Amino acid sequence: MDRETGRPGTGLRTDPRTPSARVARTPRPRLPQGVPGAPPPPAARRPRRRGLRLSAAVGVGLLLAGGGIVAVDRLGQDRAATPLTPAGRALAAAEAGRPAALADLEALIGERRQRVRREPADRGSWAVLGAALAERAARSGAPGAYTEAERALQRSLAQGGTPDVRALTGLAVLAAARQDWAGAVRWGEAARDRGPGRAAAYRVLLEAYTGTGDAKGADRALERLRKVRPGPVAEVAAAWVHRERGWREDAEATVYDAAARAATPAERAAALSRAGDLAWERGEAETALARYEGALRAEPEHDGAAAGRARALAGLGRSEEALAAWARARAAAPRPGYAVESGELLLALGRSGEAADHFALARHQAAALARDGVRQEQVLGRLEADHGDPAEAVRLMADEHRRHPGPAASGALGWALHKAGRSAEALPRLRAAVKDGPNTAQPAYHLGMAHLALGERGAARRQLTRALRLAPEFSPLHAERARRELAALGEPAWGPPPA
């Protein structure tokens, strides 16, 4: 029951008076100097406090933003590795709770493959190999990688005896990468109970509780992560929690502090990429571009930063550069969402034939990932709603909403219903996405278009104007549609906020 309204709650609000909520919201640190793309210090006014409403759309966002998880926290003590080797650096990064460089991760995978060939009953090496493969799967998004990781992790458990905590954590990471949030909770809690002082379990549990809508569990996981492994990785996760609560100034300050304190290029790239996301959502394309490019200088293979750079370039009208950046992101990680976004840019440029090829590629990639156990309802629901069969989008998103209720799934289902001609039925879900989710442009646009379809001109005007004020170029396709509809409503598409 919602304490403020007396209505049944969503299960996603936390009481800000609880100890876990107080721990999650730390005093805003001073913005560090010398971080690429750093803006001036934010204004003193603090946004209204909101309960934790982390959405399932974040998905593995925090895992990827943190550079993934090598679930081998204490393997710096491993007898066969030394921090002087690439494999040893990956183990040392895990010991310190930091993301490993991709090249070092590959070296660790190669080293452990050789070891298990020599010692096939070595359950510890199978656990290390499987955990590293699970991280690579989460970061690369490559079909086949997930199944390979699962086999190695199950091989570790099959050796008998007490389960290796690294294998348990690796299975949690793998489940989260597949968007199997219930499985991620189950394996993550087992890893936490087996090794309560290891950071990796809390990082994956933060994602898993978010996916299942357990806000209190997510708060506890963040609190424990900050205690067992304070530093940039925990602060990147905390920044996204602040963002979801509407504490944007706190989010920005926290993520810049994380970037300044980063001990490795991979850690710095994770913080700067997340900082770019925050700037992009505020409609600051130039600032976002600088942050993403800083992340790519630190880690050229960071696909999230490459995708963010493509969005920023498109928002600045540099379309050909944006298309090249999208190709770079797709090469780094064949995620179907990237093909959808690049296809929408092509569609906005009038290149419908090429756009259709990109949408076909997205469907092909989604099918390959689904065969590897990765759920694809979110991306396919979006694709079908806007560029395919809206009725199929409704089916997909209704299933996703049943499994993972929350603002993101509610908004996606509402948009699918609107596109299927059921705008009145869509309105409550779209309103919930605007009210309960982060204050970003797309949910406002979706709600405005549903109001417009129902002839509610004033409400449509308010929401479409809000979307464009939040981020004037939030989408190469939909932002232009919002401007056209506002012009037809007799209002300017853009202007200064009222005095």
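Placed above this text is the structure.
The rules behind the values
- Each chain has its residues counted from 1, running along the sequence as written.
- The predicted origin of the model limits local features to residues at a pLDDT of at least 70 and limits the giving and counting of side-chain atom pairs to 80 or more, whereas totals for whole chains, interfaces and linings rest on all residues.
- Think of the side-chain values as coming from all heavy atoms in the structure, minus any hydrogens and water.
- Strands here mean DSSP runs of E at least two residues long; helices mean DSSP runs of H or I at least four residues long; both are numbered from the N terminus.
- Type-normalised accessible area, obtained with a 1.4 Å probe on protein chains alone, sets the label of each residue: buried when under 20%, exposed when over 50%, and partly exposed for intermediate values.
- Residue contacts are defined here by distance: any two heavy atoms, one from each residue, within 4.5 Å place the two residues in contact.
- Here the open area of atoms and residues is found with the Shrake-Rupley method and a 1.4 Å probe, where only the protein chains shown may cover a residue.
- As a rule, the C-alpha atoms of each element are fitted with a line to give its axis, helices using only the stretch in contact, and angles between N-to-C directions run from 0 to 180 degrees.
- An angle below 35 degrees is treated as roughly parallel, one above 145 as roughly antiparallel, one from 65 to 115 as roughly perpendicular, and anything else as oblique.
- Each crossing gets its hand from how the near helix is turned against the far one by less than a right angle, where anticlockwise is left-handed and clockwise is right-handed.
- Residues were grouped as follows: Ala, Val, Leu, Ile, Met, Phe, Trp, Tyr, Cys and Pro as nonpolar; Asp, Glu, Lys and Arg as charged; and all remaining residues, including Gly, as polar.
- For a helix, the expected span equals 1.5 Å multiplied by the number of residues minus one.
- The definition of a nonpolar core used throughout is a set of buried Ala, Val, Leu, Ile, Met, Phe, Trp, Tyr and Cys residues joined through side-chain atoms within 4.5 Å.
- Any Lys or Arg side-chain nitrogen located within 4 Å of an Asp or Glu carboxyl oxygen qualifies as a salt bridge.

(A) Structural detail: the overall build of the protein. Along the protein, the regular secondary structure elements total 25 helices and zero strands. The burial tally for the protein puts 58% of its 499 residues in the buried class. Residue pairs in contact within the protein that sit at least 24 positions apart in sequence constitute 61% of those at least 6 positions apart. When the accessible surface of the protein is summed, it comes to about 19700 Å², and 52% of that surface belongs to carbon and sulfur atoms.

(B) Molecular detail of the packing of helix H13 (residues 265-281) against helix H14 (residues 285-298). The N-to-C vectors of H13 and H14 enclose an angle of 165°; their axes lie 8 Å apart at closest approach. Classified by the angle their axes make, H13 and H14 are roughly antiparallel. As H13 packs across H14, the resulting crossing turns out to be left-handed. Contacts between H13 and H14 involve Pro-265, Arg-268, Ala-269, Leu-272, Ser-273, Ala-275, Gly-276, Asp-277, Ala-279 and Trp-280 from the first element and Ala-285, Thr-287, Ala-288, Arg-291, Tyr-292, Gly-294, Ala-295 and Ala-298 from the second. Among the residues forming the contact of H13 with H14, the class breakdown is 11 nonpolar, four polar and three charged.

(C) Local environment of helix H8 (residues 181-194). Taking 1.5 Å per residue as the helical rise, H8 with its 14 residues ought to reach 20 Å, and the 20 Å between its terminal C-alpha atoms agrees with that figure. Considering only its buried residues, H8 is in contact with helix H7 (165-177) and helix H9 (199-212).

(D) Focus on the nonpolar core. Ranked by size, the top nonpolar core spans 52 residues in total, and within it Leu-108, Leu-129 and Tyr-146 carry the most contacts. It is helix H5 (residues 123-140) that contributes the most residues to this core, nine residues altogether. Core analysis: the next-biggest nonpolar cluster, separate from the first, contains 43 residues, Tyr-256, Ala-285, Ala-295 and Leu-346 among them.

(E) Highlighting the pattern of salt bridges. Applying the stated criterion to the full structure yields 38 salt bridges. Between Arg-402 and Asp-399 there is a salt bridge, with the nearest N and O atoms lying 3.8 Å from each other. Of this pair, Arg-402 and Asp-399 both sit in helix H20 (residues 390-403), three residues apart, which is roughly one turn of the helix. Through salt bridges with shared partners, one network takes in Arg-375, Glu-377, Asp-399, Glu-400, Arg-402 and Arg-403.

Remember that the coordinates give geometry; whether it matters functionally is a separate question.
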